[in-house]
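# Tertiary structure, described
Chain by chain, the residues:
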Amino acid sequence: MTATRKPAASDFPRASRAAEFIQSRTRLRPRIGLVLGSGLGAFADELSSATRIPYHKIPGFPRSTVEGHAGQLVIGKLGEIAVAVMQGRVHLYEGYAPREVVFPMRVLGRLGIRAVILTNAAGAINVAYSQGALVVIRDHINLQGANPLAGPNDERFGVRFPDMSQAYWKPYREIALGEAKRLGLGAHEGVYAALSGPSFETPAEIRYLKTIGADLVGMSTVPEVIVARQMGIRVLGISCVTNMAAGILDQPLTHAEVMETGDRVKGQFMALLRAVIPHVAANTGS
Ligand code: HPA
(Lines give C-alpha, C1' and ligand atoms only; values in the text may rest on other atoms or scores of the structure.)
Protein backbone atom coordinates (compact mmCIF):
# COMPACT_ATOMS: atom_id res chain seq x y z
CA MET A 1 0.00 0.00 0.00
CA THR A 2 1.33 3.42 -0.85
CA ALA A 3 1.06 6.14 1.72
CA THR A 4 -1.04 9.06 0.59
CA ARG A 5 -0.02 12.35 2.02
CA LYS A 6 -1.90 15.56 1.58
CA PRO A 7 0.44 18.13 0.04
CA ALA A 8 1.23 20.88 2.53
CA ALA A 9 -0.60 24.12 1.85
CA SER A 10 1.59 26.84 0.35
CA ASP A 11 3.17 29.39 2.68
CA PHE A 12 2.72 32.11 0.04
CA PRO A 13 -0.63 33.44 1.28
CA ARG A 14 0.48 33.19 4.94
CA ALA A 15 3.73 35.03 4.21
CA SER A 16 1.81 37.68 2.27
CA ARG A 17 -0.59 38.19 5.18
CA ALA A 18 2.31 38.54 7.64
CA ALA A 19 3.97 41.07 5.31
CA GLU A 20 0.74 43.09 5.07
CA PHE A 21 0.49 43.07 8.87
CA ILE A 22 4.05 44.42 9.16
CA GLN A 23 3.40 47.07 6.50
CA SER A 24 0.37 48.24 8.45
CA ARG A 25 2.71 49.03 11.38
CA THR A 26 5.33 51.14 9.56
CA ARG A 27 5.56 53.48 6.60
CA LEU A 28 9.10 52.35 5.84
CA ARG A 29 9.47 50.01 2.84
CA PRO A 30 12.92 48.45 3.28
CA ARG A 31 14.69 46.68 0.43
CA ILE A 32 17.43 45.34 2.70
CA GLY A 33 17.03 42.65 5.32
CA LEU A 34 19.38 41.74 8.12
CA VAL A 35 19.35 38.64 10.27
CA LEU A 36 21.28 38.99 13.51
CA GLY A 37 22.62 35.77 15.01
CA SER A 38 23.48 34.78 18.58
CA GLY A 39 24.62 37.70 20.68
CA LEU A 40 24.60 40.13 17.75
CA GLY A 41 21.16 41.61 18.29
CA ALA A 42 22.47 44.95 19.62
CA PHE A 43 22.77 46.29 16.09
CA ALA A 44 19.01 46.74 15.88
CA ASP A 45 19.16 49.17 18.82
CA GLU A 46 21.03 51.67 16.62
CA LEU A 47 18.23 52.23 14.13
CA SER A 48 16.25 55.45 14.02
CA SER A 49 12.48 55.74 13.39
CA ALA A 50 12.30 52.12 14.52
CA THR A 51 9.16 50.01 14.78
CA ARG A 52 9.71 46.91 16.89
CA ILE A 53 7.38 43.96 16.47
CA PRO A 54 7.86 40.89 18.70
CA TYR A 55 7.74 37.71 16.61
CA HIS A 56 4.77 36.37 18.54
CA LYS A 57 2.67 39.30 17.33
CA ILE A 58 3.35 38.58 13.65
CA PRO A 59 0.85 36.09 12.20
CA GLY A 60 2.54 32.75 11.50
CA PHE A 61 5.97 33.72 12.85
CA PRO A 62 7.84 31.09 14.90
CA ARG A 63 9.24 32.12 18.28
CA SER A 64 12.91 31.96 19.16
CA THR A 65 13.62 29.80 22.20
CA VAL A 66 17.37 30.33 22.49
CA GLU A 67 19.22 32.54 24.92
CA GLY A 68 20.84 35.41 23.01
CA HIS A 69 18.05 35.62 20.42
CA ALA A 70 15.66 38.45 21.29
CA GLY A 71 12.91 37.49 18.88
CA GLN A 72 11.66 40.67 17.31
CA LEU A 73 11.51 42.27 13.92
CA VAL A 74 12.80 45.83 13.86
CA ILE A 75 12.06 48.04 10.88
CA GLY A 76 14.03 51.25 11.02
CA LYS A 77 16.60 53.43 9.38
CA LEU A 78 20.36 53.36 9.34
CA GLY A 79 21.05 56.92 8.22
CA GLU A 80 18.67 57.28 5.28
CA ILE A 81 18.51 53.57 4.49
CA ALA A 82 15.44 51.61 5.54
CA VAL A 83 16.24 48.12 6.82
CA ALA A 84 14.24 45.19 8.17
CA VAL A 85 16.20 43.55 10.97
CA MET A 86 15.45 40.17 12.46
CA GLN A 87 16.78 40.32 15.98
CA GLY A 88 17.15 36.58 16.44
CA ARG A 89 16.15 33.60 14.35
CA VAL A 90 14.82 30.11 14.87
CA HIS A 91 16.76 26.92 14.18
CA LEU A 92 16.02 23.35 13.20
CA TYR A 93 17.36 22.16 16.57
CA GLU A 94 14.56 23.99 18.36
CA GLY A 95 12.23 21.46 16.78
CA TYR A 96 10.87 23.66 14.03
CA ALA A 97 10.22 22.18 10.61
CA PRO A 98 12.48 23.52 7.83
CA ARG A 99 9.63 25.55 6.29
CA GLU A 100 8.93 27.17 9.67
CA VAL A 101 12.62 28.05 10.05
CA VAL A 102 12.49 29.92 6.75
CA PHE A 103 9.04 31.48 7.18
CA PRO A 104 10.51 34.83 8.35
CA MET A 105 12.72 34.92 5.24
CA ARG A 106 9.62 34.24 3.13
CA VAL A 107 7.97 37.20 4.85
CA LEU A 108 11.00 39.42 4.18
CA GLY A 109 10.68 38.41 0.52
CA ARG A 110 7.00 39.38 0.50
CA LEU A 111 7.94 42.70 2.15
CA GLY A 112 9.98 43.52 -0.92
CA ILE A 113 13.46 42.79 0.41
CA ARG A 114 15.94 42.40 -2.49
CA ALA A 115 19.15 41.90 -0.50
CA VAL A 116 19.77 40.20 2.81
CA ILE A 117 22.73 40.15 5.16
CA LEU A 118 22.78 37.00 7.29
CA THR A 119 25.02 36.85 10.33
CA ASN A 120 25.80 33.97 12.62
CA ALA A 121 28.12 32.59 15.23
CA ALA A 122 30.31 29.75 14.02
CA GLY A 123 33.09 27.42 15.10
CA ALA A 124 36.36 27.70 13.16
CA ILE A 125 37.65 24.58 11.44
CA ASN A 126 40.30 26.52 9.52
CA VAL A 127 43.16 27.01 11.98
CA ALA A 128 44.19 30.23 10.24
CA TYR A 129 41.13 31.81 11.86
CA SER A 130 41.15 32.87 15.46
CA GLN A 131 38.46 33.33 18.04
CA GLY A 132 36.67 36.61 17.38
CA ALA A 133 37.55 36.72 13.66
CA LEU A 134 34.92 37.78 11.13
CA VAL A 135 34.54 35.54 8.09
CA VAL A 136 32.68 36.41 4.89
CA ILE A 137 30.89 33.28 3.70
CA ARG A 138 31.98 32.26 0.18
CA ASP A 139 29.85 29.14 -0.10
CA HIS A 140 28.12 26.57 2.05
CA ILE A 141 27.74 22.83 2.53
CA ASN A 142 24.29 21.77 3.67
CA LEU A 143 24.60 18.83 6.08
CA GLN A 144 21.41 19.55 7.99
CA GLY A 145 19.65 16.58 6.40
CA ALA A 146 16.83 18.86 5.36
CA ASN A 147 16.05 21.32 2.59
CA PRO A 148 13.41 23.99 3.19
CA LEU A 149 12.22 23.69 -0.42
CA ALA A 150 11.24 20.03 -0.05
CA GLY A 151 7.55 19.54 -0.66
CA PRO A 152 5.21 21.15 -3.17
CA ASN A 153 6.68 24.21 -4.88
CA ASP A 154 4.76 27.45 -5.19
CA GLU A 155 6.08 29.16 -8.32
CA ARG A 156 5.08 32.53 -6.89
CA PHE A 157 8.11 32.22 -4.61
CA GLY A 158 10.41 30.94 -7.35
CA VAL A 159 11.52 27.96 -9.39
CA ARG A 160 11.47 24.31 -8.31
CA PHE A 161 15.24 23.88 -8.79
CA PRO A 162 16.99 27.13 -7.88
CA ASP A 163 20.60 27.69 -8.87
CA MET A 164 23.05 27.76 -5.97
CA SER A 165 26.26 28.28 -7.93
CA GLN A 166 26.67 31.80 -6.55
CA ALA A 167 24.55 31.66 -3.44
CA TYR A 168 26.67 34.37 -1.77
CA TRP A 169 26.83 37.21 -4.26
CA LYS A 170 30.44 37.93 -5.21
CA PRO A 171 30.20 41.74 -5.37
CA TYR A 172 28.84 41.74 -1.79
CA ARG A 173 31.66 39.49 -0.64
CA GLU A 174 34.18 41.86 -2.18
CA ILE A 175 32.49 44.85 -0.56
CA ALA A 176 32.52 43.16 2.86
CA LEU A 177 36.16 42.10 2.59
CA GLY A 178 37.15 45.57 1.36
CA GLU A 179 35.28 47.38 4.13
CA ALA A 180 36.69 45.01 6.76
CA LYS A 181 40.18 45.76 5.53
CA ARG A 182 39.53 49.48 5.52
CA LEU A 183 38.35 49.23 9.13
CA GLY A 184 41.47 47.26 10.05
CA LEU A 185 39.45 44.14 10.88
CA GLY A 186 41.23 41.73 8.52
CA ALA A 187 38.26 39.49 7.71
CA HIS A 188 38.65 36.11 6.04
CA GLU A 189 36.53 34.37 3.42
CA GLY A 190 35.45 30.76 3.86
CA VAL A 191 33.04 27.88 3.39
CA TYR A 192 30.34 27.37 6.02
CA ALA A 193 29.09 23.88 6.82
CA ALA A 194 25.64 23.74 8.40
CA LEU A 195 24.73 20.90 10.74
CA SER A 196 21.45 20.57 12.53
CA GLY A 197 22.81 20.58 16.10
CA PRO A 198 22.08 21.14 18.92
CA SER A 199 25.00 19.06 20.16
CA PHE A 200 28.32 20.52 19.10
CA GLU A 201 30.34 18.38 16.73
CA THR A 202 32.75 15.64 17.70
CA PRO A 203 36.45 16.06 16.85
CA ALA A 204 36.03 13.29 14.23
CA GLU A 205 33.17 15.19 12.61
CA ILE A 206 35.34 18.31 12.50
CA ARG A 207 38.17 16.38 10.80
CA TYR A 208 35.59 15.11 8.28
CA LEU A 209 34.28 18.66 7.66
CA LYS A 210 37.84 19.88 7.11
CA THR A 211 38.41 17.12 4.55
CA ILE A 212 35.32 18.07 2.56
CA GLY A 213 36.35 21.71 2.37
CA ALA A 214 34.62 23.48 5.24
CA ASP A 215 36.29 26.37 7.07
CA LEU A 216 33.45 27.06 9.51
CA VAL A 217 30.68 25.11 11.16
CA GLY A 218 27.35 26.28 12.48
CA MET A 219 23.68 25.42 12.93
CA SER A 220 21.87 28.12 10.97
CA THR A 221 21.83 30.39 7.90
CA VAL A 222 21.78 27.77 5.13
CA PRO A 223 17.99 27.22 5.04
CA GLU A 224 17.48 30.99 4.88
CA VAL A 225 20.03 31.34 2.07
CA ILE A 226 18.31 28.61 0.04
CA VAL A 227 14.90 30.28 0.14
CA ALA A 228 16.37 33.77 -0.31
CA ARG A 229 18.06 32.59 -3.49
CA GLN A 230 14.87 30.92 -4.67
CA MET A 231 13.14 34.29 -4.27
CA GLY A 232 15.94 36.06 -6.18
CA ILE A 233 17.21 37.90 -3.11
CA ARG A 234 20.94 38.64 -3.11
CA VAL A 235 22.80 37.28 -0.09
CA LEU A 236 25.75 38.35 2.00
CA GLY A 237 26.71 36.02 4.85
CA ILE A 238 29.11 36.91 7.65
CA SER A 239 30.16 34.62 10.48
CA CYS A 240 31.72 35.57 13.76
CA VAL A 241 34.15 32.88 14.93
CA THR A 242 33.03 32.48 18.50
CA ASN A 243 35.18 29.41 19.19
CA MET A 244 37.62 27.04 17.56
CA ALA A 245 35.71 23.92 16.48
CA ALA A 246 35.72 20.74 18.56
CA GLY A 247 39.07 19.01 18.97
CA ILE A 248 41.16 21.94 17.72
CA LEU A 249 41.90 23.20 21.21
CA ASP A 250 42.06 20.86 24.18
CA GLN A 251 38.92 22.22 25.83
CA PRO A 252 35.17 21.58 25.80
CA LEU A 253 32.77 23.87 23.89
CA THR A 254 30.01 25.76 25.64
CA HIS A 255 27.20 28.07 24.61
CA ALA A 256 28.56 30.51 27.22
CA GLU A 257 31.82 30.77 25.24
CA VAL A 258 29.85 31.42 22.05
CA MET A 259 27.92 34.22 23.78
CA GLU A 260 31.03 35.72 25.42
CA THR A 261 32.97 35.96 22.17
CA GLY A 262 29.95 37.34 20.33
CA ASP A 263 29.68 39.98 22.99
CA ARG A 264 33.38 40.83 22.81
CA VAL A 265 33.44 41.41 19.04
CA LYS A 266 29.98 42.80 18.48
CA GLY A 267 31.40 46.34 18.26
CA GLN A 268 33.58 45.32 15.31
CA PHE A 269 30.78 43.31 13.77
CA MET A 270 28.42 46.27 14.00
CA ALA A 271 31.05 48.62 12.52
CA LEU A 272 31.37 46.27 9.56
CA LEU A 273 27.60 46.10 9.08
CA ARG A 274 27.34 49.88 9.23
CA ALA A 275 30.07 50.20 6.60
CA VAL A 276 28.65 47.51 4.31
CA ILE A 277 24.94 48.41 4.33
CA PRO A 278 25.17 51.58 2.17
CA HIS A 279 27.05 49.60 -0.52
CA VAL A 280 24.54 46.77 -0.35
CA ALA A 281 21.71 49.32 -0.59
CA ALA A 282 23.29 50.74 -3.74
CA ASN A 283 23.52 47.26 -5.26
CA THR A 284 20.22 45.52 -4.61
CA GLY A 285 18.64 43.60 -7.45
CA SER A 286 15.54 44.92 -9.17
N1 HPA B 1 29.65 24.34 16.10
C2 HPA B 1 28.41 24.54 15.63
N3 HPA B 1 27.77 25.69 15.76
C4 HPA B 1 28.42 26.70 16.36
C5 HPA B 1 29.70 26.56 16.87
C6 HPA B 1 30.36 25.31 16.73
O7 HPA B 1 31.51 25.10 17.15
N8 HPA B 1 30.05 27.76 17.43
C9 HPA B 1 28.99 28.59 17.25
N10 HPA B 1 27.99 27.95 16.61
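Attention here is on the structure that accompanies the text. (Residues numbered from 1 in each chain as written. Predicted model: local features only at pLDDT ≥ 70, side-chain atom pairs only at ≥ 80, totals over all residues. Heavy atoms only, no water.)

### Examining the side chain of Asp-154
Here is the rule: Numbering of helices and strands starts at the N terminus; helices are DSSP runs of H or I of at least 4 residues and strands are runs of E of at least 2. In protein, a polar contact means a hydrogen-donor-capable atom and an acceptor-capable atom, both N or O and within 3.5 Å, with residues adjacent in sequence counting only if both atoms are side-chain atoms; elsewhere, any N or O pair within 3.5 Å suffices. Any two residues whose heavy atoms approach within 4.5 Å are treated as being in contact.
Along the chain, the position of Asp-154 falls in the loop between strand 6 (134-142) and helix 4 (170-182). A distance of 2.9 Å separates a polar atom in the side chain of Asp-154 from a polar atom in the side chain of Arg-156. Non-local contacts of Asp-154, meaning those with residues more than four positions away in its chain, are made with Ser-10 and Phe-12.

### So, the packing of helix 4 against helix 7 (residues 255-281)
Convention followed: Lines fitted to the C-alpha atoms define the axes, with helices restricted to the stretch that makes contact. Angles between their N-to-C directions range from 0 to 180 degrees. Under this scheme an angle from 65 to 115 degrees is roughly perpendicular, one under 35 degrees roughly parallel, and one over 145 degrees roughly antiparallel; angles in between are oblique. Each crossing gets its handedness from the near helix: less than a right angle anticlockwise from the far helix is left-handed, clockwise is right-handed. In this classification, the charged set is Asp, Glu, Lys and Arg, the nonpolar set is Ala, Val, Leu, Ile, Met, Phe, Trp, Tyr, Cys and Pro, and all remaining amino acids, among them Gly, are polar.
In contact at an axis separation of 9 Å, helix 4 and helix 7 are set at 140° when each is read in the N-to-C sense. Looking at the two axes, helix 4 sits oblique to helix 7. In this structure, helix 4 crosses over helix 7, and the sense of that crossing is right-handed. Contacts between helix 4 and helix 7 pair Tyr-172, Ile-175, Ala-176, Glu-179, Ala-180 and Arg-182 from the former with Leu-272, Ala-275, Val-276, His-279 and Val-280 from the latter. For the contact of helix 4 with helix 7, the per-class residue count stands at eight nonpolar, one polar and two charged.

### Some details on the site of the ligand
Rules: Summary of the distance rule: residues count as near a molecule or strand when at least one heavy atom falls within 4 Å of that molecule or strand. A 1.4 Å probe and the Shrake-Rupley method give the accessible areas. Residues count as covered only by the protein chains that appear here.
The ligand sits among Ala-121, Ala-122, Gly-123, Phe-200, Glu-201, Val-217, Gly-218, Met-219, Thr-242, Asn-243, Leu-253 and Val-258. At a separation of 2.6 Å, a nitrogen atom of the ligand approaches a polar side-chain atom of Asn-243. For the ligand, the protein covers 95% of the area, taking 260 Å² as the surface of the free molecule. Those elements that provide at least two residues to the shell around the ligand are strand 5 (115-124), strand 8 (216-218) and strand 9 (234-244). The element that contributes the greatest number of residues to the shell around the ligand is strand 5, accounting for three residues.

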